[in-house]
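The lines below spell out each chain.
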Amino acid sequence: MAKQLNVALLGYQFMGKAHSNAFRQVNRFFPDLDVEPVLKCLVGRNKDAVTAAAAEYGFEEVDTNWKRVVNRPDIDIVDVCTPGKLHAPMVIEALNAGKHVICEKPLTNTLAESRAVLKAAKKSRKKTLTAYNYRRVPAVALAKQLIDEGRIGQIYHWRAVYLQDWIMDPDFPLVWRLKKSEAGSGPHGDLNAHITDLAMHLVGEIDSVVGMTETFIKERPLADAIDAGLGAKGGSKKKGKVTVEDACLFLARFKNGALGSFEATRFAKGRRNHNRFEINGSKGSIVFNLEKMNELQLFSDDDDSHVQGFREIIVGEGDHPYMGAWWPPGHIIGWEHTFTHEFRDFLEAVAKNRKVTPDFQDGARVQAVLEAVMGSAKSKRWQKVAKI
Ligand code: SOE
């Protein structure tokens, strides 16, 4: 029988829901796991809301005091799904209490906080995971395999965009994601963080960057609820200042000589969650688009020249990464499965005492890139990425 590990989840909104679902599914679809997460305690500030969420997600208990829960001796895993401002204090407390810790991205709002988290992680020696879930899209994991096999040769270009449009209405309220004090930054930390993690996973470390940002709508109606998020409606007549950027673009030089471009915006009309990258190498190219997440495009010099062209691989075969756990060939999967995959890998690392990535060191490396971009946007100069 799999050993049971008690999970405390801090935060119950969008990501709390996605993570709870993954914890519930993981042993059903990966029955070989030696450990089984138990949804022990859900934590939130609003007692009524967190109680309703706990009933919906299947948690045994609720609490409004995260410090108390994180220090409970019966808790094995702490999963942090709160706004970025709370990541560092929660993660550090959990590591110091000897827990394995998962943290939503970006790891922290600042690089200084990431360094403090990393110090606590090194001391604790527990398993850590920064929840960059897109590494665990089977098509992205296949792209990694193809690159590691040398199929596209030496990489010259990384070209990525992460485009959304959910705040284009000027009456959309000033939710926490639009406040620097809560979220640290706008689409830069929210979306560029994802494509930066993918770039570092697939291409390599980043040496230097140059970036620019813009806030198109500078004031918005105050939000009704303090924790209002993506789907927020209405707001008060009073307005408040938007303190994060609406868009951030940057260029990067990788340490291996490749060149990269990154664009994150919440102002790309019609682009709901358009996370796309293209990689060009000496022998081939790879293209991924989250909106068609079961497909991967590959162009390869290995193909005969008279039939050469981009081919579309349906990543739905049993021998494709993670896919053997799901349905018969070609029966596609969705966004929520990426969280199940990352928890499978995390739980296996806990059970077998193995390394799992992206850990907090990887999360801190992403933070170093993000912070260098913000510094460069201010100075209007290229900036070196700090060493982690
Ligand atoms: C909102 O922009 C958001 O939910 C991000 O916070 C997630 O990390 C991303 O996966 C989808 O969009």
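What counts, and at which threshold
Counting starts from 1 at the beginning of each chain's written sequence and moves along it residue by residue. Only residues with pLDDT of at least 70 are given local features in this predicted model, and only at 80 or more are side-chain atom pairs given and counted; all residues enter the totals for whole chains, interfaces and linings. The basis for every side-chain value is the complete set of heavy atoms in the structure, and neither hydrogens nor water enter the calculation. Working definition: helices are DSSP H or I runs of at least four residues, strands are E runs of at least two. Numbering for both runs from the N terminus. This radius of gyration counts C-alpha atoms alone. The globule rule is 2.2 Å times how many residues there are, raised to the power 0.38. A 1.4 Å probe rolled over the protein chains alone gives each residue an accessible area, and that area as a share of the maximum for its type sets the label: buried under 20%, exposed over 50%, partly exposed in between. When checking whether two residues touch, look at their non-hydrogen atoms; a contact exists if any pair is within 4.5 Å. Only four residue types enter the charge count, namely Lys and Arg as positive and Asp and Glu as negative; His and the chain termini do not. Every charge is mapped to an atom, namely NZ of Lys, CZ of Arg, CG of Asp or CD of Glu. When at least one non-hydrogen atom of a residue lies within 4 Å of a molecule or strand, that residue is treated as near it. Throughout this description, a polar contact denotes any pair of N or O atoms lying within 3.5 Å of each other; where both atoms belong to protein, one of them has to be capable of donating a hydrogen while the other can accept it, and for residues adjacent in sequence the pair is counted only when both atoms sit in side chains. In the cavity and pocket records, a cavity denotes points on a 1 Å grid over the protein atoms alone where a 1.4 Å probe fits but cannot get out, a pocket denotes an open set with protein on both sides within 12 Å along at least 5 of 7 lines, and lining residues are residues with an atom within 4 Å of a point. Placement in a cavity or pocket follows one criterion, namely that more than half of the molecule's atoms lie within 2 Å of its grid points. Just so you know the grouping, Ala, Val, Leu, Ile, Met, Phe, Trp, Tyr, Cys and Pro go in nonpolar, Asp, Glu, Lys and Arg go in charged, and all remaining residues, Gly too, go in polar. Where a domain begins and ends is set by an automatic assignment or by a domain database. At least two bridges found by DSSP between two strands are what make those strands a pair. Angles shown run from 0 to 180 degrees and are taken between the N-to-C directions of axes, each axis being a line fitted to C-alpha atoms and, for helices, limited to the stretch in contact.

Asker: What should I look at first to understand the overall build of the chain in this one?
Answerer: Per the secondary structure count, the chain includes 10 helices and 17 strands. For 388 residues, the compact-globule formula gives about 21 Å, and the C-alpha radius of gyration of the chain, at 21 Å, lands near that figure. Here the C-alpha coordinates of the chain stretch approximately 65 × 55 × 40 Å along the principal axes. For the chain, the proportion of its 388 residues judged to be buried stands at 57%. By sequence separation, contacts in the chain at least 24 residues apart represent 71% of the contacts at least 6 residues apart. The chain carries 55 positive and 48 negative side-chain charges, and their two centres are separated by 7 Å.

Asker: Quick question: what am I supposed to make of the site of the ligand here?
Answerer: For the ligand, the full set of nearby residues is Phe14, Lys105, Tyr134, Tyr162, Gln164, Trp166, Arg177, Asp190, Leu191, His194, Leu230 and Asn273. Here an oxygen atom of the ligand sits 2.5 Å away from a polar atom, N or O, in the side chain of Tyr134. In the model, an oxygen atom of the ligand is placed 3.5 Å from a nitrogen or oxygen of the Tyr162 side chain. Among the detected pockets, the ligand sits in the largest pocket. A per-element tally of the shell around the ligand places helix H8 (residues 187-202) first, with three residues. Class assignment of the residues belonging to the shell around the ligand gives a composition of six nonpolar, three polar and three charged. When we break the shell around the ligand down by domain, the ones giving at least three residues each are domain 1 (3-134) and domain 2 (137-325 + 358-383).

Asker: Looking at this structure, I do not really get the environment of Trp327. What am I missing?
Answerer: Topologically, Trp327 is positioned in the loop between strand E16 (311-314) and helix H9 (337-352). Given the relative accessible area of 42%, Trp327 is considered partly exposed. A sequence separation of 54 residues divides Trp327 from Arg381, and the C-alpha atoms of the two residues are 50 Å apart.

Asker: How should I be thinking about the pairing of strand E7 (residues 155-163) in this particular structure?
Answerer: Where a strand is regular, its side chains alternate between the two sheet faces. Judged from the eight bridges that link them, E7 and strand E13 (residues 274-281) form a sheet pairing that is antiparallel. Paired with Tyr162 across the strands is Asn275, a residue of E13.

Asker: I keep staring at the side chain of Lys40 and nothing clicks. Help me out?
Answerer: By secondary structure assignment, the location of Lys40 is in strand E2 (residues 35-43). Those residues in contact with Lys40, other than ones at most four positions away along the chain, are Asn6, Val7, Phe59, Glu60, Glu61, Arg72, Asp74 and Ile75.

Asker: Teacher, can you tell me more about the sheet that holds strand E1 (residues 3-10) here?
Answerer: Two orientations exist for strands paired in a sheet by backbone hydrogen bonds: parallel and antiparallel. Within the open sheet, the six strands sit side by side as E3-E2-E1-E4-E5-E6. Their pairing is parallel. Each end of this open sheet is capped by a strand with a single partner; those strands are strand E3 (61-63) and strand E6 (128-130). For this sheet the average axis-to-axis angle between neighbouring strands, irrespective of direction, equals 25°. Judged from the eight bridges that link them, E1 and E2 form a sheet pairing that is parallel. Counterpart to Gln4 in the pairing with E2 is Glu36. The sheet strands contacting helix H1 (residues 14-29) are E1, E2, strand E4 (77-80) and strand E5 (100-103), and the helix crosses E2 at an angle near 155°. Across the sheet, helix H4 (residues 87-96) touches E1, E4, E5 and E6, and the angle it forms with E5 is around 165°.

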